[in-house]
Amino acid sequence: MAERPAALVALGALVATVSAVGALPAQAATPPPPTITVVLPANVNLAGAGLVPVTLLSAAGTDATQVDPATVRLGTGSPVARGDGGGYLASTVDADRDGRADLVLHVDKESLTRAELGPATKALTVTGSLRDGRDFEASGQVTPEVALEVKFGESLRVRGTNQNLRSTRGENLEPVRTVLDRHGARSVTPLLPSVSVARLDDLSARAKARTGETVPDLGSWYSVVLPADVEVDQVVEDLRSLPGVAFAYPAPDLVPPPASSTPDFTGMQGYQRPAPQGIDADFAHQDPRVRGAGIKIVDLEYDWNMSHEDLPLDASSDLGGSVFPRYTGFADEHGTAVFGELVAKDNGYGVTGGVPEATMYGISPVQALAGGGTRWSPGAALAYLAGLGVLAPGDAVLLEQQTVGPLGGSNYAPLEWIPSVFDAIRLLDGLGVTVVETGGNGNQNVDSDLYVQNGIKWFDRSVQDSGAILAGAGGDTDRERLGFSNYGARFDLQGWGRNIVTSGGNGNLQGGGDPANLNVRYTRTFGGTSGAGPIVTGAVVAVQSYLKATGQAPWTAARIADLLKRTGTPQGSVTAAEHIGPLPDLEAALKAIEVDPPATEANLSRRAPDQGDRYINPVVTLTAADGWGSGVTRTQYRLDGGKWKTYSEPFRVLGKGAHTIAFRSTDANGNQEETRSLSFQNR
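As the structure is a prediction and not an experimental result, all values here were calculated from the model.

A. Region of interest: the overall build of the chain. Counting its regular elements, the chain contains 12 helices and 38 strands. Projected onto its principal axes, the C-alpha coordinates of the chain cover approximately 110 × 75 × 45 Å. Relative to its full complement of 683 residues, the chain shows a buried share of 55%. Taking contacts inside the chain between residues at least 6 apart in sequence as the whole, the part at least 24 apart equals 71%. Approximately 26700 Å² of the chain is accessible, and the part contributed by carbon and sulfur atoms is 48%.

B. Looking closely at the pairing of strand β38 (residues 676-682). In this structure, strand β32 (residues 614-615) lies alongside β38, joined through 2 bridges in parallel fashion. Paired with tyrosine 615 across the bridge in β38 is asparagine 682. Across 7 bridges, strand β37 (residues 657-667) lies against β38 in antiparallel orientation. Bridge assignment links glycine 657 to a residue of β38, and that residue is asparagine 682.

C. View of the packing of aromatic side chains. Scanning the model with the defined rule gives 21 aromatic pairs in all. Centroid distance phenylalanine 152 to tyrosine 222: 5.4 Å. Interplanar angle 70°. Geometry classified as edge-to-face. One end of the pair, phenylalanine 152, is in strand β11 (residues 143-152); the other, tyrosine 222, is in strand β15 (residues 221-226), with 70 residues separating them in the sequence. Given a relative accessible area of 1%, phenylalanine 152 falls into the buried group. Ring centres of tryptophan 417 and phenylalanine 459 lie 6.3 Å apart, and the angle between their planes is 15°; on these two criteria the pair is classed as stacked. With a gap of 42 residues between them, tryptophan 417 in the loop between β23 (412-414) and α9 (419-430) and phenylalanine 459 in the loop between β26 (456-457) and β27 (469-474) connect regions that are remote in the sequence. For the pair tryptophan 417 and phenylalanine 459, a shared accessibility class is recorded, and that class is buried. Members of the aromatic cluster, each reached through a chain of ring pairs, are Trp221, Phe247, Tyr249, Trp417, Phe422, Tyr451, Trp458 and Phe459.

D. Focus on the sheet that holds β37. Ordered in space as β32-β38-β37-β34-β35, the 5 strands form an open sheet in which the pairing is mixed. With partners counted over all chains shown, the strands left at the sheet margins are β32 and β35 (645-646), one partner each.

E. Just the confidence of the model for the chain, in detail. Mean pLDDT over the chain works out to 89, with 93% of the residues at or above the 70 mark. Ignoring residues within four places in sequence, the model shows residues 261-267, a span with pLDDT below 50, making 20 contacts including any to other chains.

F. Just the sheet that holds strand β36 (residues 651-652), in detail. With respect to topology, 3 strands assemble into an open sheet ordered β31-β33-β36, the strand pairing being antiparallel. Here the strands that pair on one side only, and so sit at the sheet edges, are β31 (599-604) and β36. As judged from the 6 bridges shared by β31 and strand β33 (residues 619-625), these two strands associate in the antiparallel manner. By the bridge assignment, asparagine 603 is partnered in β33 with threonine 621.

G. Examining the layout of surface pockets more closely. By volume, the second largest pocket is sized at about 530 Å³. Around the second largest pocket, the lining comprises 23 residues; the ones closest to its centre are Ala49, Pro250, Val404, Gly405 and Trp417. Those elements giving two or more residues to the lining of the second largest pocket turn out to be α2 (109-115), β16 (245-250), β22 (402-404) and β25 (452-453). The leading source of residues in the lining of the second largest pocket is α2, at 3 residues. Across the lining of the second largest pocket, the residue classes break down as 13 nonpolar, 6 polar and 4 charged.

H. Broad picture of helix α5 (residues 232-240). When we look at burial in α5, the residues that qualify are Val232, Val235, Val236, Asp238 and Leu239. The arc that holds the buried residues of α5, viewed along the axis, is 165°, so those residues lie on one side. Turned more than 90 degrees from where α5 packs its buried face, Asp233 and Glu237 sit exposed. Looking at the buried residues of α5, the elements they touch are β11, α3 (174-182), β15 and β16.

I. Representation of empty space enclosed by the protein within the structure. According to the stated counting rule, one finds 3 cavities of 30 Å³ or more in the structure shown. Approximately 60 Å³ is the volume found for the largest cavity. Around the largest cavity, the lining residues are Arg206, Ala386, Gly389, Leu391, Ala392, Pro393, Leu431 and Val433. In the lining of the largest cavity, the residues fall into 6 nonpolar, 1 polar and 1 charged. Approximately 50 Å³ is the volume found for the second largest cavity. Considering every element that reaches the lining of the second largest cavity, the biggest residue donor is helix α10 (residues 528-549), with 3 residues. Of the residues assigned to the lining of the second largest cavity, the class counts are 4 nonpolar, 3 polar and 1 charged.

J. Expanded view of the environment of histidine 659. Note that histidine 659 resides in strand β37. The class of histidine 659 is buried, set by a relative accessible area of 9%. Sequence separation of histidine 659 and alanine 381 is 278 residues, and the distance between their C-alpha atoms is 69 Å. Residue contacts for histidine 659: discarding those within four places in its chain leaves Leu639, Asp640, Val653, Leu654, Leu678, Ser679, Phe680 and Asn682.

K. The arrangement of the nonpolar core in detail. Membership of the largest hydrophobic core comes to 65 residues, with the highest contact counts inside it found for Leu382 and Val397. The element that contributes the greatest number of residues to this core is helix α8 (residues 378-388), accounting for 7 residues. In this view, leucine 382 contacts Leu300, Val397, Leu399, Val421, Ala424, Ile425 and Leu428; residues no more than four positions away in its chain are not counted. Counting residues in each nonpolar core, the second largest holds 53 residues, with Ile295, Val436, Trp555 and Leu583 among its members.

L. View of the pattern of salt bridges. If you walk through the whole model with that rule in mind, you get 34 salt bridges. Residue aspartate 465 is joined to arginine 461 by a salt bridge in which the shortest nitrogen-to-oxygen separation is 3.1 Å. A salt bridge links arginine 490 to aspartate 465; its shortest N-O distance comes to 3.5 Å. In this pair, arginine 490 sits in the loop between β27 and β28 (493-496) while aspartate 465 sits in the loop between β26 and β27, placing the two residues 25 residues apart along the sequence.

What counts, and where the lines are drawn
Residues numbered from 1 in each chain as written. Predicted model: local features only at pLDDT ≥ 70, side-chain atom pairs only at ≥ 80, totals over all residues. Heavy atoms only, no water. Helix = DSSP H or I, 4+ residues; strand = E, 2+ residues; numbered from the N terminus. Buried < 20%, exposed > 50% of the residue type's maximum accessible area, 1.4 Å probe, protein only. Contact = heavy atoms within 4.5 Å. Areas by Shrake-Rupley, 256 points an atom, 1.4 Å probe, with all protein chains shown as cover. Pairing = 2+ DSSP bridges. Phe/Tyr/Trp six-rings, centres within 6.5 Å; stacked < 30°, edge-to-face > 60°. pLDDT = per-residue confidence, 0-100. 1 Å grid on protein atoms, 1.4 Å probe; cavity = no way out; pocket = protein on both sides within 12 Å on 5 of 7 lines; lining within 4 Å. Points joined across faces, edges and corners; volume = space filled by probe spheres on them. Nonpolar A, V, L, I, M, F, W, Y, C, P; charged D, E, K, R; others polar. Arc of directions from axis to C-beta. Core = buried A, V, L, I, M, F, W, Y, C linked by side-chain atoms within 4.5 Å. Salt bridge = Lys/Arg side-chain N within 4 Å of Asp/Glu carboxyl O.

Dropping the structure here:
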């Protein structure tokens, strides 16, 4: 077999070349049969819900992007899945980096396992048609397995791998080994890369020193791979029954990022306009201290375009590297749109981000496995990010992912429904990093009794709190909850969920779908909770940036959320019972925390022909201003060292000789101006 492209080797892919099925005998006018290479993942987890990617590679004379997704079937009949926006999960990317556009499709794994994917499956057939009517059929090999995420009790301090699994506290792990051996476990490895595990103790100590609270031990999380024919429910039950196991559940798998929705276009970047329409990023842009300088933002994102003309990015923006390689199967349009909302350059063309001077990074949730292939592991990615040491208190992490909820299918839940993600968020929060979490496009009430794990009401803040700011999607004109957005008491704030103008996306504002226009592509219809999350994150970063610029310590996520909720524009009344929270109002929020004192000017009236600083019984007028701040509430003065008086109107100074007027003003936030003075001679 020819050597596989490096990008596909990283996916652990198995490939098969296909040709036309039932083609007519060659004639002069008959197009040549298509030659398409099909790439399937080497390992498929039978235990978890999610998606199976199918990559169709173009070849000389065959354009795989001309395959009609509606005709494609994996196995005996599993169709291409549809996203929460209704369209097929189909992306055009150069998957093998050969200069040709390829097609990546995603098939629902639950549908596939119901139809034919099982422990004995060795290969899957892919069938479909090109838009010119030619059919193709191919078979790609797969290796089914069962993968679980398991958390051992933190008191055990479990470390090591496979046969070297041990409790550093000297506790007996024999019951665990017995269960795993009985079910034929193939590997038991830390969920996190070893370099991250080695840093966890220091990270945990730092987090506890900051907050006084113990954060979860991410080193206690493990990935357990078992044979494909095990009884998954029985394995999970056996593990959960052990006192040394805190969590055990099927490892999560790929789900699409929260999709854009509603193609109506109402205005250019209206989400940045003043309240009540937007969050008034326009107001924040006027002060250099509120534009994000000195703050890092990391987006948990599959892929993004580092070469877009309007984004200040280069290769260093990818923090995952080869450990968490970017996943191109959903294309880069989603990430490019999110990045644009936040940091698109203020350069006189294109769009402008909410905090254009912040430093932007991304990290993929897809982890490269030591034995080849990859696995969607967002909890491990977040813990790895924490261990990199690039983030400081006040920096922000945006979670642009969602996961399968308790109802399965496209009833998506917030990402922290995955317990390993919940723990990783708590670690980041303990380190002073503000986590903003998109709430997911599943139309789910997270207050429902369905959202219970291990007897814990997962989204009840009175029971537990990850520390993340949870963002829902509201209407661009009325701030009502949009029908796809998840909701509940746990939600903090909303952003626009439709009609967002930003870079990338589907190119319906500029650039279209032509691959040649990838770097100049803009959209007017980005949305979903994916679009709402960056709007909320921009407000958070603007506040943190102001705090940093004025010499204050960064605030906790809880404190910032309280400020933005207290000063925000309320959710629409029609859906108020389906809580997603208010829309941030940056002008109101910044005025509430402004620390700049007022500035007062004193003017003396003259009578001609007065000269120099000699006056005849002048009238003193005091004028105070507070810039964009909370507003002057009081101006005081005193004459020649006397008692302080509150200024209410101009006054005359009588009496010959030297005089000095001292004055100062105070604003609504209690910021008091340093006393200033004016001396003059009265003749």
